[in-house]
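An overview of the molecular structure
Residue-level listing of the chains:
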Amino acid sequence: MRSTGTVYNSAAFRAAVDAIARHTAKLQAHSADEGLERLLAQAPNAYMSAYDLLYKTAAAYFTHNNAFMLLQRADASKGVISIYPVCPSSVEFSPGSDGALYLECTFPDGRQVTFPYSDVIHLRRHFLNNDLLGDGNAPLYSLLDTADTLNQGIAASVKNGTSIRGVLKFTSLVNPAQVKAEKEQFVSDYFNPANTGGIAATDQRFDFVPVGVNPYSVPKEQVESVNRQITDYLGVGTSIVNGTYTENEFSAFYESIVEPFALQLAQEFCLKTGAEITFTAERMEFSSAATKIKLLHEAAPLGLITVNEARKLLALPPVKDGDRRLQFLNYVSADKADAYQLEESEDTEHGNTEP
């Protein structure tokens, strides 16, 4: 049975997971709980940044279909003081004597540690057959085997291309040591880049008999098709993996992959900490210049964004007093508009048409 560790050893699979994790790690945490928000925005623990925590969690989530984060609390009555990603090789759930559920983790080095499930952020993918865990990647194994076979075919093709290209046939009896020396001298003289003429010369001691080698070449389309099926399994397009995505492609990727992960993460933190929290991304950073300018042209006059928010959108540094909002004077609030229309209607009814 193939393990999830070998799944991650696939170049196509790892590249796709890396692309997802890199973008997911850009999520920004927002919460009324300032301590929790600070942990998730800066340093969740003594060993990693917020980016590292989200990257590692997302990578585990899309590789193993389960991801765990341990909430370390000062005591039962206080809030979270640190958050650690937990990457066990296997887990089991068991009820404790207190009636609570516990997570028994076995790590790659053989250590076994038990955590209260109430202190564990648990994210699941392909959540169907098991009551508590996401399902495995069994549907992916045949694709990975095919990809491995194709890669071996490419390697064999390269080796065949550099294998025997001819035979030196000696016309008289020669001892083995001399045969080896003559062969090495022949290769050194003629099978090297310095032999630009492409011509070899021999005498009556031996004949050179060329051997035709037609190595099998793996069709590029087959390799691309298999790799595309692997990335499709993760729900990410090739353009996201190689960074050639358009604005619309990134928007679709965010809504179908990053946003569901952020929603699940927010709900788990709310469930385990009691604090309302959201994870958002600066999606407009990936928009085209034309889209950003159009947004500023339409949103700024309505007072929807501040000066510094507009400058940030254009990758410009903030300025002093830039947190104020500007608005065109031609716009009026809905309440004032209703009052103005009511007053105008009353004037008309009383025959007052003067401005």
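Residues numbered from 1 in each chain as written. Predicted model: local features only at pLDDT ≥ 70, side-chain atom pairs only at ≥ 80, totals over all residues. Heavy atoms only, no water.

**Some details on the packing of aromatic side chains**
Here is the rule we go by: Aromatic contacts are taken between Phe, Tyr and Trp rings whose centres are within 6.5 Å, Trp giving its six-membered ring; a plane angle under 30 degrees counts as stacked, one over 60 as edge-to-face, and the others as tilted. Helix numbers and strand numbers start at the N terminus; a helix is a DSSP run of H or I with at least 4 residues, a strand a run of E with at least 2. Either the NZ atom of lysine or the CZ atom of arginine qualifies as a charge over a ring when it sits within 6 Å of the ring centre and within 35 degrees of the ring normal.
Tallied over the entire structure, the rule returns 9 aromatic pairs. Ring plane angle 45° and centroid distance 6.3 Å describe the contact between Tyr47 and Tyr84, whose orientation is recorded as tilted. Remark: Tyr84 occurs in strand 3 (residues 80-86) and Tyr47 occurs in the loop between helix 3 (34-41) and helix 4 (50-64); sequence separation between them is 37 residues. Between Tyr245 and Phe250 the ring centres are 5.4 Å apart and the planes differ by 35°, which places this aromatic pair in the tilted class. An aromatic cluster is defined as three or more aromatic residues linked by ring pairs; in this entry it consists of Tyr61, Phe62 and Phe261. The ring of Phe127 has Arg124 lying over it, and the distance from NZ or CZ to the ring centre is 4.5 Å.

**A look at the pattern of salt bridges**
The condition is simple: For salt bridges, the criterion is a side-chain nitrogen of Lys or Arg within 4 Å of an Asp or Glu carboxyl oxygen.
Under the counting rule described, the total for this entry stands at 4 salt bridges. Put simply, Asp119 and Arg73 hold a salt bridge, and the shortest N to O gap is 2.7 Å. Separated by 46 residues along the polypeptide, Asp119 in the loop between strand 6 (112-116) and strand 7 (120-124) and Arg73 in strand 2 (residues 66-73) bring together distant segments of the chain. The salt bridge involving Lys272 is made with Glu268; its shortest N-O contact spans 3.3 Å. In this pair, Lys272 and Glu268 are both assigned in helix 9 (residues 247-273), 4 residues apart and thus about one turn of the helix distant.

**Re the side chain of Thr57**
The condition is simple: Burial here depends on accessible area, computed with a 1.4 Å probe over protein chains only, as a share of the maximum for the residue type. Under 20% is buried, over 50% is exposed, and the range in between is partly exposed. By definition in these notes, contact holds between two residues if any of their heavy atoms fall within 4.5 Å.
You can see Thr57 is positioned in helix 4. Since its relative accessible area comes to 3%, Thr57 is described here as buried. Not counting residues up to four positions away in its chain, the partners in contact with Thr57 are Ala67, Met69, Leu123 and Phe261.

**Focus: the sheet that holds strand 5 (residues 101-106)**
Filter applied, for reference: In this scheme, strands are said to pair when DSSP sees at least two bridges between them. Lines are fitted to the C-alpha atoms to define the axes, a helix being fitted only along its stretch in contact, and any angle between axes, read from their N-to-C directions, falls within 0 to 180 degrees.
Across the sheet, 3 strands lie side by side as 4-5-6; this open sheet has antiparallel pairing. Looking at strand neighbours, the two that pair on one side only are strand 4 (90-95) and strand 6, the edges of this open sheet. Each neighbouring strand pair of the sheet contributes to a mean axis angle of 25°, computed without reference to strand direction. Note: strand 4 against strand 5, 6 bridges, orientation antiparallel. What sits directly across from Ser90, in strand 5, is Thr106.

**Observations concerning the packing of helix 2 (residues 11-24) against helix 4**
Rules: Angles are sorted into four bins: roughly parallel if under 35 degrees, roughly antiparallel if over 145, roughly perpendicular if 65 to 115, and oblique for all others. Left-handed describes a crossing in which the near helix is turned anticlockwise from the far one by less than a right angle; the clockwise case is right-handed. The residue classification treats Ala, Val, Leu, Ile, Met, Phe, Trp, Tyr, Cys and Pro as nonpolar and Asp, Glu, Lys and Arg as charged. All others, Gly included, are polar.
Between helix 2 and helix 4, the least distance of the axes is 8 Å, while the angle of their chain directions is 140°. As summarised for this structure, helix 2 and helix 4 are arranged oblique, according to the angle between their axes. With respect to the hand of their crossing, helix 2 and helix 4 are arranged in right-handed fashion. Facing helix 2, whose interface residues are Phe13, Val17, Asp18, Ile20, Ala21, Arg22 and Thr24, helix 4 presents Tyr51, Leu54, Tyr55, Ala58, Ala59, Phe62 and Thr63. A per-class count over the contact of helix 2 with helix 4 returns 10 nonpolar, 2 polar and 2 charged.

**Quick look at the sheet that holds strand 3**
The sheet built from 3 strands is open, its strands ordered 3-2-7 with antiparallel pairing. Every interior strand has two partners, whereas the edge strands, strand 3 and strand 7, have only one. Taking the axes of each pair of neighbouring strands and ignoring which way they run, one obtains an average angle of 20° across the sheet. Pairing of strand 2 with strand 7 involves 5 bridges; the strand directions are antiparallel. Paired with Met69 across the bridge in strand 7 is Ile121. Across the sheet, helix 9 touches strand 2, strand 3 and strand 7, and the angle it forms with strand 7 is around 150°.

**Focus: the side chain of Ser94**
To keep it simple, the criterion reads: Here a polar contact means two N or O atoms within 3.5 Å. Within protein one must be a hydrogen donor candidate and the other an acceptor candidate, and residues neighboring in sequence count only if both atoms are side-chain atoms.
Structurally, the position occupied by Ser94 is in strand 4. Ser94 gets classed as buried once you look at its relative accessible area, which sits at 17%. Of note is the side chain of Ser94, whose polar atom sits 2.9 Å from the side chain of Glu104. Not counting the four nearest positions on each side in its chain, Ser94 is found in contact with Ala100, Leu101, Tyr102 and Glu104.

**Some details on the packing of helix 4 against helix 9**
Relative orientation of the contacting elements helix 4 and helix 9 amounts to 105°, with a least axis distance of 12 Å. Of the possible angle classes, the one that applies to helix 4 and helix 9 is roughly perpendicular. In this structure, helix 4 contributes Leu54, Thr57, Ala58, Tyr61 and Phe62 to the contact, and helix 9 contributes Ile257, Phe261, Gln264 and Leu265. Considered class by class, the residues forming the contact of helix 4 with helix 9 number 7 nonpolar, 2 polar and no charged.

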